[in-house]
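Report on the structure
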Amino acid sequence: MTSMKRVYYLFILACSFTLFACSHKSSDIKQSNDKNTITINLESPQSLHASRLFDTIIYVPLETSDTYIFSRASHLKVNDEKDLYFISDKSFFLFDGETGKGKVKISRLGNGPDGYTSIFDSNIDSSTKEIELLDNNAKKIVIYDMAGNHKRSMSLPFMSFMFAKTGKDDYWFYNNNLLSETSDHKVVHFVSNKGKIEEYDKIDKHLAKYFFIDDEKNLIVQNGNLLYHYSPSDTIYQIRPDKEMRAAYVLDMGKNLAPKEFYARNFRDIMEFAETANNNGYVFEIPTFSANDQTIVVACIKEGKPYITFHTKENGKSMTFSSFHDDYNASTPLSLDVANLSFCMDNDYFYFIITAEQLIESKNKGYYREPMEKWIESRQITEFSNPILVKCKF
């Protein structure tokens, strides 16, 4: 199985922008009158039986070719056409969600006007038919058409790690714990055609001294509002544009939740913090979450081991699992790997990635039923193939 890659960043900032900011400070955060509790049970996690949640499971091998070869997918997203896109190996990939055929690859690492010096997140805007790539290092968004041709770039007044959109010109940026001259908040609402700035969730300066983890997904757009989470918080917030930020869901991790005074300690760096947290069994990495109209899905890592929790909004029930049992096609569960934490969903499907190594290992151990084994052979999947998209239909 692959191992978790943790990358921690140190930046030297030199910002010369002066912006008007409307600040929604942490003290302004409003608590929801009806908070939903998501129980994350790490003491006795289950194996998720696919047939209990999903009508069917569909496997889509992603094209393996010289052009579309990639390693680990991150920041997995689905567009309105149900095609899947993500970042891997400093490149952007778009695959057909039905056939797995590669549709677009953008690999323009460099200092040229049509390229980027880093790629931290991506977005496909269905209204403009454009692909947008976030270049943290160069403080810009690089914009391409749907064929991958460069159109323009948009400068940013800060370095950012993630973004989402609630309209053609309405950008929401997650700036992590990175303090700068232009922003001291985690979330910034930037309206590109007005230069307007709104800020939410002020950065804790003490935490910013040592806590810096590159989460995979912190912002989810739902019905024009945002759901927002950051590690190591135990709360998912809702942000309504031009209004308040309020608690929407509380993550109940029991004894695996570190007490607040733990974060007040003076750790030398993130490595000392992580070692101490792991020794105490505390969860501090909640790298991604996703949501649709019926379900919230949250991933977390405890002592290097990945877990996923499904929470049903209607009945408030939660289930945490450390293995995925496709009981339609397999007799034995698949243990979760950190590679499986790259997921997303819409109202029809939950999408996640499994590696070819996981698929072939399960086949070699006889975990799959005969129809699935024959399908793997017919698709000529080997351990050297690209990862496989798994579509779980609600």
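Summarised in this report is the structure supplied together with it.

For the rest of this paragraph, the subject is the pairing of strand E12 (residues 150-155). Taken together, the five bridges between strand E11 (residues 140-145) and E12 define a ladder with antiparallel strand orientation. In the sheet register, Tyr 144 faces E12, and the bridge partner there is His 150. Between E11 and E12, which follow one another and run antiparallel, lie four residues, and Gly 148 among them has a positive phi close to 90 degrees.

Attention shifts here to the sheet that holds strand E5 (residues 74-78). Spatial strand order, E5-E6-E7-E8: four strands in an open sheet with antiparallel pairing. If you trace the sheet from one side to the other, it starts and ends with E5 and strand E8 (102-106), each paired once. For this sheet, the mean inter-axis angle between neighbouring strands, taken without regard to orientation, is 15 degrees. Summarising the sheet, E5 and strand E6 (residues 84-88) pair through three bridges and their orientation is antiparallel. Bridge pairing in E6 places Val 78 opposite Leu 84.

By secondary structure assignment, the location of Tyr 68 is in the loop between strand E4 (56-61) and E5. Here Tyr 68 falls in the buried class, since its relative accessible area comes to 10%. When the C-alpha atoms of Tyr 68 and Leu 334 are compared, they prove to be 26 Å apart, with 266 residues separating the residues in sequence. In this view, Tyr 68 contacts Glu 63, Phe 93, Phe 95, Gly 102, Lys 103, Val 104, Lys 105 and Asn 386; residues no more than four positions away in its chain are not counted. At 3.4 Å, the side chain of Tyr 68 and the backbone oxygen of Lys 103 are in polar contact.

What follows is about helix H4 (residues 270-279). In an α-helix, one turn spans 3.6 residues, which is why side chains three or four residues apart end up on the same side. For H4, the set of buried residues is Ile 270, Phe 273, Ala 274, Thr 276 and Ala 277. The buried residues of H4 all sit within an arc of 165 degrees when viewed along its axis, so they share a single face. Looking at H4, the residues exposed on the side facing more than 90 degrees away from the buried face are Met 271, Glu 275 and Asn 279. The inward-facing, buried residues of H4 contact helix H3 (260-263). Following H4 by one or two positions, Gly 281 has its phi on the positive side, about 75 degrees.

Only a minority of non-glycine residues have a phi that is not negative, and only a minority of peptide bonds are not trans. The linkage connecting Ser 231 with the following residue, Pro 232, adopts the cis geometry, with an omega of 5 degrees. Residue placement: Pro 232 occurs in the loop between strand E18 (225-228) and strand E19 (235-239). One non-glycine residue, Lys 129, adopts positive backbone phi at about 55 degrees. Structurally, the position occupied by Lys 129 is in the loop between strand E9 (121-125) and strand E10 (130-135).

In this structure the tally under the stated criterion is zero disulfides. Free cysteine Cys 344: the closest other cysteine sulfur is in Cys 392, separated by 11 Å.

Our next topic: the side chain of Glu 216. Assignment of secondary structure puts Glu 216 in the loop between helix H2 (205-208) and strand E17 (219-222). Side-chain polar atoms of Glu 216 contact the backbone nitrogen of His 75, separated by 3.1 Å. Setting aside residues no more than four positions away along its own chain, Glu 216 makes contact with Arg 72, Ser 74, His 75, Leu 76, Met 162, Pro 287, Thr 288, Leu 341 and Ser 342.

Okay, the nonpolar core next. Judged by nonpolar contacts, the single largest core of 32 residues is most densely connected at Phe 54, Ile 308, Phe 324 and Phe 350. Non-local contacts of Phe 350, meaning those with residues more than four positions away in its chain, are made with Phe 54, Val 297, Phe 310, Phe 343, Cys 344, Met 345, Val 390, Lys 391, Cys 392 and Phe 394. Counting residues in each nonpolar core, the second largest holds 31 residues, with Leu 134, Tyr 171, Leu 226 and Ile 239 among its members.

Glancing now at the pattern of salt bridges. Within the structure shown, the criterion is met by 22 salt bridges. Here Lys 129 makes a salt bridge to Glu 81, at a shortest N to O gap of 3.9 Å. With Lys 129 in the loop between E9 and E10 and Glu 81 in the loop between E5 and E6, the pair connects residues that are 48 residues apart, well separated along the chain. With relative accessibility at 47%, the residue Lys 129 sits in the partly exposed group. Asp 169 is paired through a salt bridge with Lys 168; the nearest N and O atoms lie 3.7 Å apart. Bridged by salt links that share partners, the residues Glu 43, Lys 255 and Lys 302 form one connected network.

Conventions we followed
Residues numbered from 1 in each chain as written. Predicted model: local features only at pLDDT ≥ 70, side-chain atom pairs only at ≥ 80, totals over all residues. Heavy atoms only, no water. Pairing = 2+ DSSP bridges. Helix = DSSP H or I, 4+ residues; strand = E, 2+ residues; numbered from the N terminus. Axes fitted to C-alpha atoms, helices over the stretch in contact; angles between N-to-C directions. Buried < 20%, exposed > 50% of the residue type's maximum accessible area, 1.4 Å probe, protein only. Contact = heavy atoms within 4.5 Å. Polar contact = N/O pair within 3.5 Å; in protein donor to acceptor, adjacent residues only side chain to side chain. Arc of directions from axis to C-beta. Disulfide = S-S within 2.5 Å. Core = buried A, V, L, I, M, F, W, Y, C linked by side-chain atoms within 4.5 Å. Salt bridge = Lys/Arg side-chain N within 4 Å of Asp/Glu carboxyl O.

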